Amino acid sequence: MRLMRRDLIAGLATLAPLTAAGHLWAAPATSARLLVVFLRGAYDATNIVIPVRSDFYHASRPSLAIAKPDPAIATSALPLDADWGLHPALRGTILPLFKKGQVAFVAFAGTDDLTRSHFETQDTIELGQDVKGARDYRSGFMARLVKTLTQPKPIAFTDQLPLTFQGGAAIPNIAINNVGKPAIDARQASLITSMYDGTPLAASVHEGFQVRDDVYHAITDHMLEANRGAVSPKGFELSARRIGQLMKDQFNVGFVDVGGWDTHVNQGAATGYLADRIGELGRGLAGFAEEIGAQWNDATVVVISEFGRTFRENGNRGTDHGHGSVYWVLGGGIKGGRIAGEQVPVDQAHLFQNRDYPVLTDYRALLAGLFQRMYGLDQSGLQRVFASVQPKNLGLL
Amino acid sequence: MYPRRRMVALFAGIVMTVLPLATPRQAHAGPPPAPRDIALVDTITWGANQSTITAFRSMGQERWLQSQLHPAPGDHLAKAAQQQIDALAVSKRSALELANDFDSVARVANEIADPDQRAAAQNILQNDMTDIAKQAATASILRALYSPDQLQERMTWFWFNHFNVHQYKANLRVLVGDYERNAIRKHALGHFRDLLMATLRHPAMLRYLDNADNAVGHINENYAREIMELHTLGVGSGYSQQDVEALAHILTGAGIDLKPENPKLKPELQKLLVRDGLFEFNPARHDFADKVLLGKPIKGSGFAEIEQALDLLCASPATAQHVSRQIAVYFVADDPPKALTDRMAQTFMQTQGDIAKVLDTMFHAPEFTAALQTRFKDPVRYVFSAVRLAYDDKVIVNTVPIQNWLNRLAEGLYNHQTPDGYAMVSSAWDSSGQMTARFEIARQIGSNSAGLFKAAGPATVEQPAFPLLQNGLYFDGLQSGLSAKTRAALDRANSPQDWNTLFLSSPEFMR
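What you see is a predicted model; the values in this text were computed from it and never measured. (Residues numbered from 1 in each chain as written. Chains lettered and ligands numbered in written order. Predicted model: local features only at pLDDT ≥ 70, side-chain atom pairs only at ≥ 80, totals over all residues.)

A.B. asks: Hey, could you run me through the overall build of chain A in this one?
C.D. replies: For chain A, the helix and strand inventory stands at 11 helices and 13 strands. Within the span of chain A, comprising 397 residues, buried residues form 56% of the whole. Counting contacts in chain A only where the partners sit at least 6 residues apart, residues at least 24 apart contribute 71% of the total. (Helix = DSSP H or I, 4+ residues; strand = E, 2+ residues; numbered from the N terminus. Buried ≥ 20, exposed ≤ 12 C-beta atoms within 10 Å, placed from the backbone. Contact = placed C-beta atoms within 7 Å.)

Okay, structure coming up:
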């Protein structure tokens, strides 16, 4: 099925090459859907995708370590392969998808930004530019991706437009957990739009009214047909389920962020604060897969975070700012069920600066590799998204 | 098409019948205010209204500016606003008292044996904590709307955001009001170092950035990093991971103590103990090793190390640059001219961080004047300026609608989760989703009194009120700045409510 789609795209590309600004552009697969999920605050990857065979892990985290896999113990790690285990809070959500081959974890992933600043490194990732060069804050990598695709329908499911969508045409955003019946009626909307005519905000205002109506109808229609008496989900699960409905046929490039991962104090282990947060994330992602329906097979969800946390626990049963992280790639059509990317043994000798995971897979190389396969982008297309980055093909698509 | 004259007449009719006491102000005697004066007042305050313009014109620009930069100590709010603030529990209890109140209630709640009753008690406790934070927001909003010391209020919001804490961490909901009042507002136009030290010694900051848990042998870098990255030097200004670690060690022992009795200490450490309200520097939790910070040796000595570290940070040109730039971004532009921020930083260095002097330099700069009325309003400025223009000095009795509007626009008071504070650049606030949400709120503010004049509680009576946007200031000044397209749209309004909604949605009111 996947192969056929790719062949079709290749065929299309030769039949109807599109030119813009003097470049020959490849025709991307319009069926592909991309959702980027940004865990802001640097989630403690080490306690979610757990190096279960590493004695050094257990020694470094006397109060935080998750027990080695043991079917008899509910709070132990869930085996993923011989070296890695999954946090038990993901038992009913992510583990089944992993077993179906629809989730892959990319270990030792991250950036070459060494500030260990949340905000600086989030900006680095969202911009996707060379960390050594001067920054252009009006050019996020997802905005550049959108410009490279021929039929993009982008949207940020956030109450503010994220940096990654800044630059270029107005990209809509919507506070997905706060969708109400619009009170500004069509006549007022048209008068307001007329006041902005010819101003820099004209496109943003026009787009806003359009998306407002589309999203409201999509969500309320769905609620009417599906939510009879069911317990309604909250928090990220509610967001993610709505995103699934909207990305089924209205939008194909999405971004959402989830906060609350900066666990310096009492983060908990198999249960506790971090377990609750990751459990909610798992329910959300599984809910997204359910709601998007058959289109799950064309969807690629990438879960990223600005950096990992210190390998050793700190003095307060928490963890401080680190370096390497573990990214997630999910989708009905991905070749998952495995830990992808280059790996090294998890021991003291292989820590970065004797405190953190090293970064062996660069986020841009990983994303470029995915975009190449998802959209059939050629080298020049990829270069427009991530200049001078060599895509890394981890065989996920 | 709705004939304007008829509409204004109708509008005046509504005002006369609904609001007999609040007839539209007479336009100021003499020539109308210059658009530039309105723009200046609008930029420095939470929004131009008739009473502020009147004060500006009676004092003259320079005296008015100096009165804003150097307000007399104490509160100068109208009685109707001050009485509401004074009646709040959060105004009567210190952070120490509130934290102790809630701590003892929490202890009782946690000891209830029956799980359902325990959960119910904990739920009540949580709601009460939320209520205290909402009271703090009420006091803050009333000051923003009605304090004549408007610049002090603008800078209070700015510095809270610069030294941001989030209300939903631990017990911060009972601390944010005191933090804003005693750590921030008190120093908002004073010296930067005093402000930095006041935040450092406040339990809200110590809890939020985890320094309350930072102790010798239990190092937590969180606060140390953010002091350098966000509060003083700025990221990329040359400090290293070693500096972060050194500052973390210097800060060990600076924490919170709820207990009235002093901690048990060895005799030689007793004189190094510092206590002040909830703040405690506990020498037994401090790392007395010698440190090197930013290349300078700091001898292990206790709290004096923290004083030395702040001296170093505040004297650094990087701090002068970083802080000056943040202020200029807030008032002038997303990317303020370097020539302007350089002069502000120079003033900062020459005056040892005198905030009023730095602002004075900015207000008198040609770059500032040139940028008047170009700064896109963030949601807080948008909402406050709309309410100030609509009701002037008629004091609202319920701030909850305003709190809800700010939350809906994603810029709620005390509600930014991470220490970087809300973004100040326009691109954070002018996206499509932001604009449509803003228009919805324009409609709520413009259509009727929106609950602002109905006090909380079941049996309260709503005071008659109507948002009066077509007022003297509008006809005297604001009207002349409208584009032809905006005028054409306003001419098609079919009711005063509709006119208000469109005016508050116009591109001109966004700046």
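A.B. asks: Would you mind going over the overall build of chain B with me for this structure?
C.D. replies: Looking only at helices and strands, chain B has 26 helices and five strands in total. Its C-alpha radius of gyration of 25 Å places chain B within 12% of the 24 Å reference for a compact globule of 511 residues. Each principal axis of the C-alpha distribution contributes one length, and for chain B these read about 80 × 65 × 40 Å. Residues classed as buried in chain B amount to 49% of the 511 residues present. By sequence separation, contacts in chain B at least 24 residues apart represent 72% of the contacts at least 6 residues apart. (Rg over C-alpha atoms; globule rule 2.2 N^0.38 Å.)

A.B. asks: Which parts of the structure should I look at to understand unusual backbone geometry?
C.D. replies: Keep in mind that most residues, glycine aside, have a negative phi and that most peptide bonds are trans. Residues and elements named next belong to chain B. Positive phi, close to 45°, is recorded for Asp392, a residue that is not glycine. Tracing the backbone shows Asp392 in the loop between α21 (379–391) and α22 (400–408). For Asp392, a count of 21 C-beta atoms within 10 Å corresponds to the buried category.

A.B. asks: How should the nonpolar core be read in this particular structure?
C.D. replies: Among soluble globular proteins, nonpolar side chains are generally buried collectively. Core analysis: the biggest nonpolar cluster contains 139 residues, and Val176(B), Leu247(B), Met362(B), Val383(B) and Val387(B) have the highest contact counts within it. Take this core: its biggest share by element is 11 residues, from helix α8 (residues 115–146) of chain B. With residues near it in sequence (within four places) discarded, Val176(B) still touches Ala133(B), Ala136(B), Val165(B), Gln167(B), Ala204(B) and Tyr414(B). In this structure, Ile174(A), Ala299(A), Leu366(A) and Ala368(A) belong to the second largest nonpolar core, which totals 109 residues. (Core = buried A, V, L, I, M, F, W, Y, C linked by C-beta atoms within 7 Å.)

A.B. asks: Honestly, the interface of chain A and chain B in this entry has me stumped. Any pointers?
C.D. replies: Many authors give the size of an interface as the accessible area that is lost as the parts come together. Taken residue by residue, the interface counts 44 residues in chain A and 38 residues in chain B. Of all the secondary structure elements, the ones that give two or more residues to the side of chain A that touches chain B are α4 (118–127), α6 (186–196) and α7 (202–226) of chain A. In terms of residue count, the dominant contributor to the side of chain A that touches chain B is α7(A) (seven residues). Tallied by class, the residues present in the side of chain A that touches chain B amount to 18 nonpolar, 19 polar and seven charged. (Nonpolar A, V, L, I, M, F, W, Y, C, P; charged D, E, K, R; others polar.)

A.B. asks: Would you take a moment to explain the pairing of strand β3 (residues 33–39) of chain A for this structure?
C.D. replies: Moving residue by residue along a regular strand, the side chains alternate between the two faces of the sheet. Residue and element names in this part refer to chain A. The buried count for β3 comes to seven of seven residues, which makes it a mostly enclosed element. Because side chains alternate across β3, one face comprises the buried residues Arg33, Leu35, Val37 and Leu39, and the other comprises Leu34, Val36 and Phe38, equally buried. Pairing of β3 with strand β10 (residues 299–305), which is carried by seven bridges, proceeds in the parallel orientation. Following the sheet pairing, Arg33 is matched in β10 by Ala299. Pairing of β3 with strand β9 (residues 253–258), which is carried by six bridges, proceeds in the parallel orientation. Within β9, the position partnered with Leu39 by the bridge is Val258. (Pairing = 2+ DSSP bridges.)

A.B. asks: Which parts of the structure should I look at to understand the sheet that holds strand β1 (residues 254–256) of chain B?
C.D. replies: Residue and element names in this part refer to chain B. With antiparallel pairing, three strands are arranged side by side in an open sheet as β1-β3-β2. One side of each edge strand has no neighbouring strand; the edge strands of this open sheet are β1 and β2 (274–276). In this sheet, neighbouring strand axes are inclined to one another by 20° on average, regardless of whether the strands run parallel or antiparallel. Sheet topology places β1 next to strand β3 (residues 279–281); three bridges connect them, and they run antiparallel. Along β3, the bridge assignment pairs Ile256 with Phe279. (Axes fitted to C-alpha atoms, helices over the stretch in contact; angles between N-to-C directions.)

A.B. asks: For this particular structure, what's the right way to read helix α14 (residues 241–250) of chain B?
C.D. replies: Residue pairs spaced three or four apart in an α-helix point in one direction, given the helix's 3.6 residues per turn. Of all the residues in α14(B), the buried ones are Val244(B), Ala246(B), Leu247(B), Ala248(B), His249(B) and Ile250(B). Residues of α14(B) that are buried make contact with α13 (222–231), β4 (291–293), β5 (296–298) and α16 (303–315) of chain B.

A.B. asks: What's the story with the packing of helix α17 (residues 317–331) of chain B against helix α18 (residues 338–350) of chain B in this structure? I'm lost.
C.D. replies: How two helices pack is summed up by the angle between their axes together with the distance between the axes. Residues and elements named next belong to chain B. Running from N to C, α17 and α18 cross one another at 125°; their axes reach a closest spacing of 8 Å. Accordingly, the angle class assigned to the pair α17 and α18 is oblique. Judged by the sense of rotation from one axis to the other, the crossing of α17 with α18 is right-handed. Side by side, α17 and α18 meet where Pro317, Ala320, Gln321, Val323, Ser324, Arg325, Ile327 and Ala328 of the first sit next to Leu340, Thr341, Met344, Ala345, Phe348 and Met349 of the second. (Parallel < 35°, antiparallel > 145°, perpendicular 65-115°, else oblique. Left-handed = near helix turned anticlockwise from the far one by under 90°.)

A.B. asks: Looking at this structure, how should I read the sheet that holds strand β4 (residues 49–51) of chain A?
C.D. replies: In any sheet, the strands associate via hydrogen bonds between backbone groups, in a parallel or an antiparallel arrangement. Pairing is antiparallel across the open sheet formed by three strands, whose spatial order is β4-β6-β5 (chain A). In this open sheet, the two edge strands, each paired with only one partner strand, are β4 and β5 (78–79) of chain A.

A.B. asks: How should the environment of Pro419(B) be read in this particular structure?
C.D. replies: Checked against the element boundaries, Pro419(B) lands in the loop between α22 and α23 (432–447). The spatial distance from the C-alpha of Pro419(B) to the C-alpha of Met205(B) is 9.8 Å, given a sequence separation of 214 residues.

A.B. asks: What is the right way to read α4(A) from this model?
C.D. replies: Residues and elements named next belong to chain A. With eight of its 10 residues buried, α4 lies for the most part within the structure. Those residues of α4 lying buried are His118, Thr121, Gln122, Asp123, Thr124, Ile125, Glu126 and Leu127. Looking at the residues trailing α4, positive phi occurs at Gly128, about 65°.

A.B. asks: Is there a simple way to explain the packing of α17(B) against helix α19 (residues 355–363) of chain B in this structure?
C.D. replies: Residues and elements named next belong to chain B. α19 packs onto α17 with a crossing angle of 50° between their chain directions and a minimal axis gap of 11 Å. Here α17 is positioned oblique relative to α19, judged by the angle of their axes. Considering only the axes of α17 and α19, their crossing is right-handed. Across the interface between the two elements, Ser324, Ile327, Ala328 and Phe331 from α17 touch Val358, Leu359 and Met362 from α19. In terms of residue class, the contact of α17 with α19 is made up of six nonpolar, one polar and no charged.

A.B. asks: Just to check I follow, could you spell out the environment of Ile402(B) for this structure?
C.D. replies: Residue and element names in this part refer to chain B. Checked against the element boundaries, Ile402 lands in helix α22. A residue is classified by how many C-beta atoms lie within 10 Å of it, and Ile402, with 27 of them, is buried. Considering only alpha carbons, one finds Ile402 and Pro379, 23 residues apart in sequence, at a separation of 11 Å. If we ignore the near neighbours within four places in the chain, the residues touching Ile402 are Ile141, Val383 and Val387.

A.B. asks: Any chance you could explain the environment of Ile306(B) here in plain terms?
C.D. replies: Along the polypeptide, Ile306(B) turns up in helix α16. In contact with Ile306(B), other than residues within four places in its own chain, are Ile250(B), Leu251(B) and Ala254(B).

A.B. asks: What's the story with the pairing of β9(A) in this structure? I'm lost.
C.D. replies: Residue and element names in this part refer to chain A. For β9, the buried fraction is high: six of the six residues fall into the buried class. What you see with β9 is no split at all: Val253, Phe255 and Asp257 on one side and Gly254, Val256 and Val258 on the other are buried throughout. Two elements, strand β8 (residues 154–156) and β9, share three bridges in a ladder whose sense is parallel. Pairing of Pro154 across the sheet is with Val253, part of β9.

A.B. asks: Is there a simple way to think about the confidence of the model for chain A in this case?
C.D. replies: Low pLDDT means the predicted atomic positions in that stretch should not be read closely. Confidence in the prediction for chain A averages 90 pLDDT; 90% of positions are at 70 or higher. Predicted confidence for residues 1–29 of chain A stays below pLDDT 50, and this span has 36 contacts to residues more than four positions away or in other chains. (pLDDT = per-residue confidence, 0-100.)

A.B. asks: What's the story with the confidence of the model for chain B in this structure? I'm lost.
C.D. replies: The share of residues in chain B with pLDDT of 70 or more is 94%, and the mean pLDDT across the chain is 93. Here residues 1–28 of chain B is modelled with pLDDT under 50, and outside its nearest four sequence neighbours on either side it reaches 46 contacts, counting other chains as well.

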